[in-house]
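# Descriptive structure summary
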Amino acid sequence: MARLETLARIIRSKNATPFYLTLDLFFESKDSYTRVKNSKALNKEIISTLYKVPLNFVKDIFFIDSVLAVKIVMLKRTPSGDPGFLDIYGMQQNIPLLGVEIP
Amino acid sequence: MELRVLGTFLNHGYVWPEDNFVEALKTRKPDFIAGQGTNTDPGPGYLGRGINIIPKMFVKKVRRQLIVNAKKAGVPFCISVGTSGCDEVLYKSELEIIDEVAREANIKVKLAIISGEINKDYLRGHLASGVKIPRLIDHPRLSENLTLDDVNSATRVVAQMGHEPIMKALDHNVDGVITGRAMDTALFMAEPSRRGFDKALVAHMAKVMECGAIATTLKNPKDPPTNGSMDGIFGVLHDDHFLVSPINPKQKCTIASVLSHSFYERADPFVERMPGGALNIADAIYEQVDEQTVKVSNSKWIEEDYTIKLEGVKSIGFRSISLMGIRNQSTIRVVDKLVERVRSRLNDQFEPLQEGKDYNLYFHVYGKNAILGPIEPLTNTDPHEVALLAEAVATSQELATALMVNARVLFTNQQFEGRITTAGNESIPWSPSEPALGEVHIFNIMHRMPIKDPCEPFKMDIIEFPR
């Protein structure tokens, strides 16, 4: 097992409109990318659990082989600017992903 | 056919290197300049209050850089301005700034000014005629179809214009076009569309260039860290491909840098929906042609019904805050309990007003979980210092401040087992200590409105400066 943060070079989060959060992962080595992709450890269920959103909030998980990247798209629990949530741009929301264990 | 496009750094109001821009104007001979200055990234507050995120003195500085240099070189420009792109910024501060710039530089400029704000009566008219305006995003916080109540309660509504109103403006032989809210890509698509280039390539080049040098990367990764991504970008459009390269000599475009940018802030990495159709880049071909330049071809365009994205916000009250610093371990250990006691005592004190109806209270502990809240994976840490940020959003500013003053006093003086700080539980950073932060807005409209004439909702004026 390896933590996801030891396999990906970039793990970033950002709003896409005030209502979506997107997580982008970029890998340096094809081996790490393929290991993560084939493990199926990044799936809608785990994202829903980690981010405490209903399963139907997790819209898509794209594996983009051509650039060794993964893109995760979900509806935000709290839209940008609604009181109670202090990350207007969504730029610090990558943290729950870092510790995902990849077989 | 060939068309040369200079993309300026995004947002048009932050620091950007004028030298590279002037050099690119001189040596690379662009046919036009484009750059974005509107977005929803900074949240609903700017549309709600009708203000620009960038202060006027700074907008003037970058506007001077653009307008004076572009006029001197005889190159037309298309930019969007104002953060939210509302009329309040466009017609008040922006026109004043351009007037001052033209006067001080002793130049004459003829500009097309296009509003991006949507009149609420225009929306009511559409709703009354039975047009369905579905939500853009399937989020439960938005009405499935736009309602009259959404429109009535909105403080302001803007729409992202497509490239058509800008094309029409360019027909007036202007030195430049300044728009309110617009699709970033529309600014880059207007001129090439006028000249009849392939729509898919026009849209794809616009998408790569819309954020300036974000689609580039450092040429030598060993160079010291720079803000090289805060700079311009250059595109050359041909009949069956386009070329893209940076204008900063220390940057380069690579296949990866161009491709990664197409994922950024997007809900779909392959399909970009625009007002009259969708750009599909799934089969696009990327080639590195020299150290700095990437060639792109084989983009696809799928025609769709013409719709524009509406964005609106409504007011939900007024915010005051209190920031309290805590350094004592004995206090940090029980901070969550203290906060809950503060909340319940406040609720008692402010009766018959009710939390949830007349006001809402939020407490965030920086150092523990203020940023991630319930999804913070680390729960057993023992920080040596935390900041407690208390927020009230209430029906009046006075009530919000009264809540915060009382929250702070209740926190200061709370007794608990093991308390050694009997003079007070926190450090108070400022005097006065409970800043009033003004009106609070939230997004309530993010819908897709079908329209027949892409120019219809967007008012245009031709103005010569100085006025």
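Here goes a summary of the coordinates provided. (Residues numbered from 1 in each chain as written. Chains lettered and ligands numbered in written order. Predicted model: local features only at pLDDT ≥ 70, side-chain atom pairs only at ≥ 80, totals over all residues. Heavy atoms only, no water.)

## Observations regarding the overall build of chain B
Rules: Counting from the N terminus, the helices are DSSP H or I runs at least four residues long and the strands are E runs at least two residues long. In what follows, residue pairs with any heavy atoms lying within 4.5 Å of each other are defined as contacts. The protein chains shown are the only cover counted for residues, whose accessible areas, like all others here, come from Shrake-Rupley with a 1.4 Å probe. Only four residue types enter the charge count, namely Lys and Arg as positive and Asp and Glu as negative; His and the chain termini do not. The atom standing in for a charge is NZ when the residue is Lys, CZ when it is Arg, CG when it is Asp and CD when it is Glu.
Within chain B, the secondary structure is distributed over 13 helices and 20 strands. C-alpha atoms of chain B, sized along the principal axes, occupy 80 × 60 × 50 Å. Here the analysis covers contacts within chain B between residues at least 6 apart in sequence; of these, 79% occur between residues at least 24 apart. A total of about 19,700 Å² of accessible surface is found on chain B, and carbon and sulfur atoms cover 50% of it. Counting 53 positive and 60 negative side-chain charges, chain B places the averaged centre of each group 3 Å from the other.

## What about the pattern of salt bridges?
Residues and elements named next belong to chain B. Put simply, the test is: The working definition used for a salt bridge is a side-chain nitrogen of Lys or Arg within 4 Å of a carboxyl oxygen of Asp or Glu. For each residue, the accessible area found with a 1.4 Å probe, counting protein chains only, is set against the maximum for its type, and the residue is called buried under 20%, exposed over 50%, and partly exposed in between.
Considering all chains together, one arrives at 35 salt bridges over all chains under this definition. When the shortest N-O distance is used, the salt bridge between Arg63 and Glu94 registers 2.5 Å. Taken together, the residues span a long stretch of sequence, with Arg63 in helix α3 (residues 56-73) and Glu94 in helix α4 (residues 87-105) at a distance of 31 residues. The same class applies to Arg63 as to Glu94, namely buried. Taken together, the shared-partner salt bridges connect Lys56, Lys60, Arg64, Glu96, Glu100 and Glu104 into one network.

## Considerations on the layout of surface pockets
In plain terms, the rule: Definitions used throughout: a 1 Å grid over protein atoms alone; a cavity as a set of points that fits a 1.4 Å probe which cannot get out; a pocket as an open set with protein on both sides within 12 Å along at least five of seven lines; a lining residue as one with an atom within 4 Å of a point. Grid points are joined across faces, edges and corners, and a volume is the space filled by probe spheres set on the points. Classification convention: Asp, Glu, Lys, Arg as charged; Ala, Val, Leu, Ile, Met, Phe, Trp, Tyr, Cys, Pro as nonpolar; all other residues, Gly among them, as polar.
The space that makes up the largest pocket amounts to roughly 1,200 Å³. Lining the largest pocket are 50 residues, and of these Ala16 and Thr17 of chain A together with Tyr264, Glu265 and Arg266 of chain B sit closest to its centre. Looking at the lining of the largest pocket, the elements with two or more residues in it are β2 (10-16) and β4 (58-64) of chain A together with α8 (184-194), β11 (271-274), β16 (307-326) and β19 (436-450) of chain B. Residue composition of the lining of the largest pocket, by class: 23 nonpolar, 12 polar and 15 charged. The volume enclosed by the second largest pocket comes to roughly 790 Å³. If you trace the second largest pocket, you find 24 residues lining it, with Arg9 and Ile10 of chain A together with Thr217, Ser257 and Ser260 of chain B closest to the centre.

## Quick look at the environment of Arg327 of chain B
All names here are of chain B. To keep it simple, the criterion reads: Polar contact is the term for a pair of N or O atoms within 3.5 Å; when the atoms are in protein, one must be able to donate a hydrogen and the other to accept it, and sequence-neighboring residues count only if both atoms are side-chain atoms.
The residue Arg327 is located in the loop between β16 and α11 (329-332) in this model. Those residues in contact with Arg327 that sit more than four places away from it in its chain are Ile332, His384 and Glu385. Engagement of the side chain of Arg327 in a polar contact is seen with the backbone oxygen of His384, the distance being 3.3 Å.

## Quick word on the packing of aromatic side chains
All names here are of chain A. As a reminder, the rule being used: Side-chain rings of Phe, Tyr and Trp (the six-membered ring for Trp) are treated as a pair once their centres are within 6.5 Å; stacked means planes under 30 degrees apart, edge-to-face means over 60, and tilted covers the remaining angles.
Taken as a whole and judged by the stated rule, the model has 3 aromatic pairs over all chains. Note on Phe27 and Tyr33: the rings are 5.8 Å apart at their centroids and 70° apart in plane angle, and the pair reads as edge-to-face. Both residues of the pair, Phe27 and Tyr33, belong to the buried class.

## Details of the sheet that holds strand β3 (residues 20-26) of chain A
What counts here: Criterion used throughout: strands pair if DSSP finds at least two bridges between them. Axis angles are defined between N-to-C directions and span 0 to 180 degrees, where every axis is a line fitted to C-alpha atoms and, for a helix, only to the segment in contact.
Spatial ordering of the open sheet is given by β2-β3-β5-β4 (chain A), a layout of 4 strands whose pairing is antiparallel. On the outer flanks of this sheet lie β2 and β4 of chain A, each paired with one strand and no other. Recorded for the sheet is a direction-independent mean angle of 15° between the axes of neighbouring strands. In this sheet, strand β5 (residues 69-75) of chain A lies alongside β4 of chain A in antiparallel orientation, the contact comprising 6 bridges. Across the sheet, the residue bridging to Ile61 of chain A is Ile72 of chain A, located in β5 of chain A. Against the sheet, helix α10 (residues 255-263) of chain B contacts β2, β3, β4 and β5 of chain A, and its axis sits at roughly 155° relative to β3 of chain A.

## Examining the nonpolar core
Quick note on the threshold: By convention a nonpolar core is built from buried Ala, Val, Leu, Ile, Met, Phe, Trp, Tyr and Cys residues, the set being connected through side-chain atoms within 4.5 Å.
Ranked by size, the top nonpolar core spans 111 residues in total, and within it Leu4, Leu25, Phe27 and Leu97 of chain A together with Ile166 and Leu310 of chain B carry the most contacts. If you tally residues by element for this core, the top one is helix α9 (residues 199-209) of chain B, at 8 residues. Filtering out sequence-adjacent residues up to four positions away, Phe27 of chain A remains in contact with Leu4, Leu7, Ala8, Arg9, Ser32, Tyr33, Val36, Leu68 and Val70 of chain A. Grouped together as the second largest cluster of nonpolar side chains are 29 residues, Ile33, Val109, Ile178 and Val236 of chain B included.

## Points about the packing of helix α1 (residues 18-27) of chain B against α3 of chain B
All names here are of chain B. This is how the line gets drawn: Orientation categories follow fixed angle ranges, with anything under 35 degrees roughly parallel, anything over 145 roughly antiparallel, 65 to 115 roughly perpendicular, and all other angles oblique. It is the rotation of the near helix from the far one that decides the hand of a crossing: anticlockwise by less than a right angle makes it left-handed, clockwise makes it right-handed.
For the pair α1 and α3, interaxial distance at closest approach is 10 Å and the crossing angle is 15°. The angle between the axes of α1 and α3 places the two elements in the roughly parallel class. Remark: the crossing between α1 and α3 carries right-handed chirality. Taking contact as the criterion, the partners of Glu18, Phe21, Val22 and Leu25 in α1 are, on α3, Gln65, Leu66, Asn69, Ala70 and Ala73. Looking at the contact of α1 with α3 residue by residue, the classes come out as 6 nonpolar, 2 polar and 1 charged.

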